[in-house]
Every structure is written in structure tokens, then in C-alpha cells.
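Each chain is listed here by its residues.
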Amino acid sequence: MTNKDILNSENTILVLGGTGKTGSRVAARLTALGAPVRIGSRTATVPFDWTDRETWGPVLAGVGAVYLSYQPDLAVPSAAADIKALTVRAAAAGVRRIVLLSGRGEPEALECEAIVRDSGLEWTVVRCAFFAQNFSEGAFADYILAGEVALPSGDVPEPFVDADDIADVAVAALTEDTHIGEVYELTGPRALTFAEATAEITRALGREIAFIPLSRTDFVAALTSYGVPADEVSLLDYLFGTILDGRNSHTTDGVFRALGRKPRNFAEYARDVALSGVWSVTADA
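Below is a short write-up of the structure. (Residues numbered from 1 in each chain as written. Predicted model: local features only at pLDDT ≥ 70, side-chain atom pairs only at ≥ 80, totals over all residues. Heavy atoms only, no water.)

**Notes on the overall build of the protein chain**
- A count of helical and extended segments in the protein chain gives 12 helices and 8 strands.
- At 19 Å, the protein chain has a C-alpha radius of gyration in line with the 19 Å of a compact globule built from 285 residues.
- Along the three orthogonal principal directions, the C-alpha set of the protein chain runs to about 50 × 40 × 35 Å.
- With 285 residues in all, the protein chain has 51% of them scored as buried.
- Within the protein chain, counting contacts between residues at least 6 apart in sequence, those at least 24 apart form 78% of the total.
- Carbon and sulfur atoms form 52% of the exposed surface of the protein chain, whose accessible area is close to 12,100 Å².
- Measuring between centres, the 24 positive side-chain charges of the protein chain sit 5 Å from its 38 negative side-chain charges. (Helix = DSSP H or I, 4+ residues; strand = E, 2+ residues; numbered from the N terminus. Rg over C-alpha atoms; globule rule 2.2 N^0.38 Å. Buried < 20%, exposed > 50% of the residue type's maximum accessible area, 1.4 Å probe, protein only. Contact = heavy atoms within 4.5 Å. Areas by Shrake-Rupley, 256 points an atom, 1.4 Å probe, with all protein chains shown as cover. Lys, Arg positive; Asp, Glu negative; His and termini not counted. Charge placed at Lys NZ, Arg CZ, Asp CG, Glu CD.)

See the structure below:
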């Protein structure tokens, strides 16, 4: 299946998690290319729900390729069984290609990758850890607005990856044959501690954003007080307590291998978000 074939085909590209950080970007890029896109979400015209397998058949009908972003994360206990069941249903429905958004350094994610590789479908794996956009579209956005980022990250650096880079790689994998069978581990061009990332945001905003180190217990309490959903709180606690141990501190060449360009720098991300007004605090806030 070539780029020309998929863009001119009646076969739809299904974007699971199509309203999320990466999925919404993937869907927008595919739509701009003229590809037929179906959003996989509970609120979509043809609804999709990971917890209701009765919704899977209709959303897979007529689909040629799938962007698979699992909610809430591949680290949760139900992930492997769901991924296995979905790939079986997808193959039976005539899906030819699947692009999996995977974790970086999570044993549960590796298990799900193996399922996709053994599915009989054309596959590409896109591995990522912490997104830059967590500071503007995720659980940490309210921290920036409040002027204080309180996290249990210590001094471990993380090469934050930009969701736009992830989407560009995913779209290439969905529409071009050269990415079949590839595992792309994506990072930004440099590793920053969360304190250093907060300092970058301070510079971009021209407004002081403090970084406060927390214990994991206090972190969970703070997230809960901000109204973060319980499943997201549990996942973030797991990620900070298990994955953020230095195993993912090194940068990779995944973006360059997939796209032939450098990944986006966190400073550039912070500047663009600051200019957008997302982090602006109104007088009556």
C-alpha cells in the first residue's frame, strides 16, 4: 500500500484516540492530505469504546489502516488483552496496516508491541515517553497557570518529545510503505529535568514559574485537588514512580530516521505556546 494508494483509496484510516494529544494531530494532518479519516472515540459519529467491544466492529468497517493510541495507557492491566483482541478483529475486517503509539521503557508496552508485530498486519511502532504538551494540554497545564509546578521528579532528565513530531511520524507510517516493520523511538533533541523545563517556560513567558519538588504522596494529593481524573492520577503516579528513573534520559535519532529532520526543541515549543496565550492569566483568574 503506497502513499498514493492510501490517499486515493476508499479505505478509511481509523484514528483511535482521535481527540487526544497525538490523535487529533494525526487526524488533522491526514485530513489535510485528503485521506478519508474516521475518529475513534466515545463521542464520535461512529462511537468507539475500549471497554465495549460491541463498538469495535462498526468502527473497523471499511478501514485500511489504524493509528492505535490506547487509553489510558499501555501500562494498565487491560491493555495487552485489548490490543490482542483489536488486532484480531482488525485483521478479520480487512485492515492492512497498524501504527502503534507505544511507551518507552515500559515492560507492558513491549508486550503490546509484540502482539502488534505478530498480528499479521503491516506494522510500525512509535515509542514515546513524556510529551512536551503535558505542560499545555495535560495534567500540568494548571500548574503553569498557577505559577508553580510541583512534581516528584527529582533530578532525572527527560528528553520531552513534541506531539507534533509524533504526529508527523505516525502520518508518514500510515501513508508510506518505507516505514513498515520499523520501531521509531522518539525524543526531543536534549534532555531536561522538570525543573529545567519549568525554567524554559519561565523564559518564554517572561513570568516566574516556580518548581517545587514533591513526595509522591503529596503529588497524588495535589493532582486530586486540581480535579485530575483518578485513572490519570494513578497513571502519572506510576510513571513518575517507575519510568522516570533515568532509563529514558538518553536522546534518540527516531525523528530523524523517520522524517529526515531534527526533532522540535522544548524551547521552541515553550515559545510558541507562550505566544498562543494558552498560559495567559487573566486579571480575574
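**A look at the sheet that holds strand E1 (residues 12-16)**
- One open sheet accounts for 6 strands, arranged E2-E1-E3-E4-E5-E7; its pairing is parallel. With one partner strand each, in any of the chains shown, strand E2 (37-40) and strand E7 (183-185) form the two edges of the open sheet. Strand-to-strand twist of the sheet, defined as the mean angle between neighbouring strand axes without regard to direction, takes the value 15 degrees.
- Where strand E3 (residues 63-68) meets strand E4 (residues 97-102), 4 bridges bridge the pair, whose relative direction is parallel. Across the sheet, residue Ala65 finds its bridge partner in E4, namely Arg97.
- Strands in contact with helix H7 (residues 163-175) are E1, E3, E4, strand E5 (122-127) and E7; relative to E4, the strand with the most contacts, it is inclined by about 160 degrees. (Pairing = 2+ DSSP bridges. Axes fitted to C-alpha atoms, helices over the stretch in contact; angles between N-to-C directions.)

**A few points about the packing of helix H4 (residues 79-93) against helix H5 (residues 107-117)**
- It is the contact of H4 with H5, at a shortest axis distance of 9 Å, that shows an interaxial angle of 10 degrees. Between H4 and H5, the angle falls in the class roughly parallel. Along this stretch, H4 crosses H5, giving a crossing that reads as right-handed. For the pair H4 and H5, contact is made by Ala79, Ala80, Ile83, Lys84 and Thr87 and by Glu111, Cys112, Ile115 and Val116, respectively.
- Grouping the constituent residues of the contact of H4 with H5 by class yields 6 nonpolar, 1 polar and 2 charged. (Parallel < 35°, antiparallel > 145°, perpendicular 65-115°, else oblique. Left-handed = near helix turned anticlockwise from the far one by under 90°. Nonpolar A, V, L, I, M, F, W, Y, C, P; charged D, E, K, R; others polar.)

**Concerning the environment of Glu54**
- Here Glu54 is to be found in the loop between E2 and helix H3 (56-60).
- Between the alpha carbons of Glu54 and Ala80 there is a distance of 18 Å; along the sequence they are 26 residues apart.

**Digging into the packing of aromatic side chains**
- The final tally for this structure, using the stated rule, is 19 aromatic pairs.
- Through pairs of rings, three or more aromatic residues link up here, namely Phe130, Phe135, Phe140, Tyr143, Phe160, Phe194, Phe219, Phe240, Phe266, Tyr269 and Trp279. (Phe/Tyr/Trp six-rings, centres within 6.5 Å; stacked < 30°, edge-to-face > 60°.)

**Considering the pattern of salt bridges**
- Taken as a whole and judged by the stated rule, the model has 25 salt bridges.
- A salt bridge links Asp162 to Arg264, with the shortest nitrogen-to-oxygen separation between them at 2.8 Å. Of this pair, Asp162 sits in the loop between strand E6 (148-151) and H7 while Arg264 sits in the loop between helix H11 (254-259) and helix H12 (266-276), placing them 102 residues apart in sequence.
- One salt bridge connects Arg261 with Asp165, and the closest N-O pair in it is separated by 2.9 Å. (Salt bridge = Lys/Arg side-chain N within 4 Å of Asp/Glu carboxyl O.)

**Comments concerning the side chain of Asp237**
- Positionally, Asp237 belongs in helix H10 (residues 230-243).
- Engagement of the side chain of Asp237 in a polar contact is seen with the side chain of Arg216, the distance being 2.9 Å.
- Excluding its chain neighbours within four sequence positions, the residues that come into contact with Asp237 are Arg216, Phe219 and Val220. (Polar contact = N/O pair within 3.5 Å; in protein donor to acceptor, adjacent residues only side chain to side chain.)

**Remarks on the nonpolar core**
- Ranked by internal contacts, the top residues of the largest apolar core, which has 33 residues, are Phe135, Phe140, Phe160, Phe194, Phe240, Phe266 and Trp279.
- Per-element accounting of this core gives the leading share, 6 residues, to H10.
- Apart from the residues lying within four places of it in its own chain, the contact partners of Phe140 are Asn134, Phe135, Leu151, Phe194, Leu236 and Phe240.
- Listed in part, the 29 residues of the second largest apolar core include Val59, Leu60, Val76 and Ala80. (Core = buried A, V, L, I, M, F, W, Y, C linked by side-chain atoms within 4.5 Å.)

**Overview of the packing of helix H8 (residues 194-205) against H12**
- In the contact formed by H8 and H12, the axes pass within 9 Å of each other and the chain directions differ by 45 degrees. One way to sum up the angle between H8 and H12 is to call them oblique. Note that H8 runs across H12; the crossing there is right-handed. The segment H8 lies against H12, with Ala197, Glu200, Ile201, Ala204 and Leu205 engaging Phe266, Ala267, Ala270, Arg271 and Ala274.
- Here the contact of H8 with H12 is built from residues that sort into 8 nonpolar, no polar and 2 charged.

**Some remarks on unusual backbone geometry**
- Along the chain, Gln71 connects to Pro72 via a cis peptide bond; the corresponding omega equals 0 degrees.
- With respect to the element layout, Pro72 can be found in the loop between E3 and H4.

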